[in-house]
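As a plain string of letters, each chain reads:
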Amino acid sequence: MKLGKTKRVRYDAFSVVEKDGNEVGQKGLLASESENCQTGESLKTGVGVHILLRPDGSGYGIGNTTPVADYYFFLPSGESGKYGFVTKKGLVFLDNGTKPLSRYDFTVRTGGTLVFDSENNAKMAFASEKGVFLYDEQSGMVQVNNTPVSTAVCFFNERLFCVEQPFTLIYSAPTEPSNFECTVDGGGRIALPTEKGKIVALCAFKEYLYVFYEYGISRLQGAGSGKDFCVESLPYSGGRIFGGSVGACENKIFFLTENGLFAFDGTNVQRACANLGFDIKTGDQVCAHATADGKYYLRYQGGDDKEKGLVVDGATGQGYHSFAMTGLSACKGEALCYENAGFCRLRESDALPSGKKAYFTANNLSFGVLGVKTLKSLRFFGHGSARVFVSA
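Below is a short write-up of the structure. (Residues numbered from 1 in each chain as written. Predicted model: local features only at pLDDT ≥ 70, side-chain atom pairs only at ≥ 80, totals over all residues. Heavy atoms only, no water.)

## Looking at the overall build of the protein
Applied cut-off: Labels follow the DSSP assignment, with helices taken as runs of H or I lasting at least four residues and strands as runs of E lasting at least two, numbered in each case from the N terminus. Only protein chains enter the accessibility calculation, which uses a 1.4 Å probe; a residue is then buried when its area is under 20% of its type maximum, exposed when over 50%, and partly exposed in between. Any two residues whose heavy atoms approach within 4.5 Å at even a single point are treated as in contact. Accessible areas in this description were obtained via Shrake-Rupley with a 1.4 Å probe; residue shielding takes into account the shown protein chains only. Neither His nor the chain termini are counted; the positive set is Lys and Arg, and the negative set is Asp and Glu. Note that the charge is assigned to NZ on lysines, CZ on arginines, CG on aspartates and CD on glutamates.
For the protein, the count of helices and strands is zero helices and 34 strands. The principal-axis extents of the C-alpha atoms in the protein amount to approximately 85 × 50 × 35 Å. A buried classification covers 48% of the 392 residues belonging to the protein. Counting only contacts in the protein whose residues sit at least 6 apart along the sequence, the fraction spanning at least 24 positions is 45%. Counting every atom, the protein has about 20,200 Å² of accessible surface; 47% of that belongs to carbon and sulfur. Put simply, the protein has 41 plus and 41 minus side-chain charges, and the middle of one group is 11 Å from the middle of the other.

Structural data, given as structure tokens:
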């Protein structure tokens, strides 16, 4: 650029996703890398955390000697504030009103699924290598089925559905989550042999139960008695699906694959966060999701095996990278995690956890002009504090 000729470049907005030139118009500054940042007309800090308190005002801290939790849940005990969690090794700890917490060693593969009986009493269902267990405060932890089941569990049309590895669904009688006896109008099993790989997730969405395999999707019409159940295979040609990521939010089911994040509307699969860079671990992937307040939250493993976070708007399918949300889970309409040495609610109106920062990086900017440029000034308008680094 010749001296004496000045071209002023103005960006009216920030974006992490490019779409039709730019998500927010041609004058949006596009990030090459960002974390904990919401973008659009303004640049804002992403999802933060709010420490949860029990009804008596005390915290939910689990102490330094307690095993690290994989996910949390509130127990079906009204307003008592009791909770539980499952560790990464599959151990279950439940709050029985005293310390230490009650511990169950039956190697849970998934748990904290809320189910209801004929009198609308709530129970928590757990799937383990020893079978299915139900918990409520009156009966305690009770084993109701001794068939080893996988991580795929779902309560749909008043029945509890579980997966026997690798290709069989078992289901309870309606409004009887403890009754898996095979009868015409009661419990039963459905064999789903397929070349799509193992069943990795079940998801109730609209009027169907969707069955996710490693490399495919099927749809179960589960109304009426078992003899009326119908399974339909749906087209899918994408990469390997990671079961822990499958979750319904707004009018879509989101799921992570080896090729990125996808959104499924019950018929069609489309890429979500299309131009948001993903560094995903191949092979076995340990991930978790939660949905609340129209947001889809995801924790997954990157190519370096480190845990990463993602927050997606369920309506638009656009999202941003976030801190890795330890113990990510959802219960009673809340997205939960463990940060700042406490049990937390995830909310975009709250501050980031201690030690976490929000950053937005735009690399190799040409400013629409060839040749050498001279940077004379940077102007930002807004509230709060920020640090700006410029390098050539």
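## Some details on the sheet that holds strand S26 (residues 269-271)
What counts here: At least two bridges found by DSSP between two strands is the condition for calling them paired. With axes taken as lines fitted to C-alpha atoms, and helix axes fitted only over the stretch in contact, angles between N-to-C directions fall between 0 and 180 degrees.
Judged by pairing direction, the sheet is antiparallel, and its four strands sit side by side in the order S23-S24-S25-S26 without closing on themselves. The sheet is open, and its two borders are formed by strand S23 (247-249) and S26, each paired with just one other strand. With strand direction ignored, the average angle separating the axes of adjacent strands in the sheet is 35 degrees. The pairing of strand S24 (residues 252-257) with strand S25 (residues 260-264) spans five bridges and is classified as antiparallel. Along S25, the bridge assignment pairs Phe255 with Phe262.

## Remarks on the packing of aromatic side chains
To be explicit about the condition: Between rings of Phe, Tyr and Trp, where Trp is taken as its six-membered ring, a pair exists when centres lie within 6.5 Å; planes separated by under 30 degrees are stacked, by over 60 edge-to-face, and by other angles tilted. Lysine and arginine charges are scored as sitting over a ring when NZ or CZ, respectively, is within 6 Å of the ring centre and within 35 degrees of the ring normal.
One pass over the full model with this rule turns up 23 aromatic pairs. Ring geometry for Phe74 and Phe343: centres 5.6 Å apart, planes at 50 degrees, overall tilted. Of the two residues, Phe74 is situated in strand S7 (residues 69-74) and Phe343 in strand S33 (residues 342-347); the sequence distance between them amounts to 269 residues. Each ring, one from Phe161 and one from Tyr171, has its centre 5.6 Å from the other, and the planes form 35 degrees; the classification is tilted. Taken together, the residues span a long stretch of sequence, with Phe161 in strand S16 (residues 159-164) and Tyr171 in strand S17 (residues 168-171) at a distance of ten residues. The exposure class assigned to Phe161 is buried, which follows from its relative accessible area of 0%. Since its relative accessible area comes to 5%, Tyr171 is described here as buried. Each residue in the set Phe205, Tyr208, Tyr210, Phe212, Tyr236, Phe255, Phe262 and Phe264 is aromatic and connected to the rest through ring pairs, giving one cluster. When the ring centre of Tyr208 is taken as reference, the NZ or CZ atom of Arg219 above it lies at 4.8 Å.

## What about the environment of Ala362?
One can find Ala362 in the segment after strand S34 (359-361). As a C-alpha pair, Ala362 and Ser34 span 328 residues in sequence and 8.7 Å in three-dimensional space. Apart from residues no more than four positions distant in its own chain, Ala362 is found in contact with Leu29, Leu30 and Ser32.

## Points about the sheet that holds strand S27 (residues 288-292)
Pairing in this open sheet of four strands is antiparallel, and the strands run S27-S28-S29-S30 from one edge to the other. Whereas interior strands pair on both sides, the edge strands pair on one side only; in this sheet they are S27 and strand S30 (319-322). Between one strand and the next, the sheet's axes are offset by a mean angle of 20 degrees, whatever the strand orientation. One ladder, built from seven bridges, connects strand S28 (residues 295-301) with strand S29 (residues 307-313); its direction is antiparallel. Paired with Gln301 across the two strands is Glu307, which belongs to S29.

## Some words on the environment of Ile241
By the secondary structure assignment, Ile241 is in the loop between strand S22 (230-234) and S23. Non-local contacts of Ile241, meaning those with residues more than four positions away in its chain, are made with Val200, Phe212, Tyr213, Glu214, Gly216, Ile217, Tyr236, Val246, Phe255, Leu256 and Thr257.

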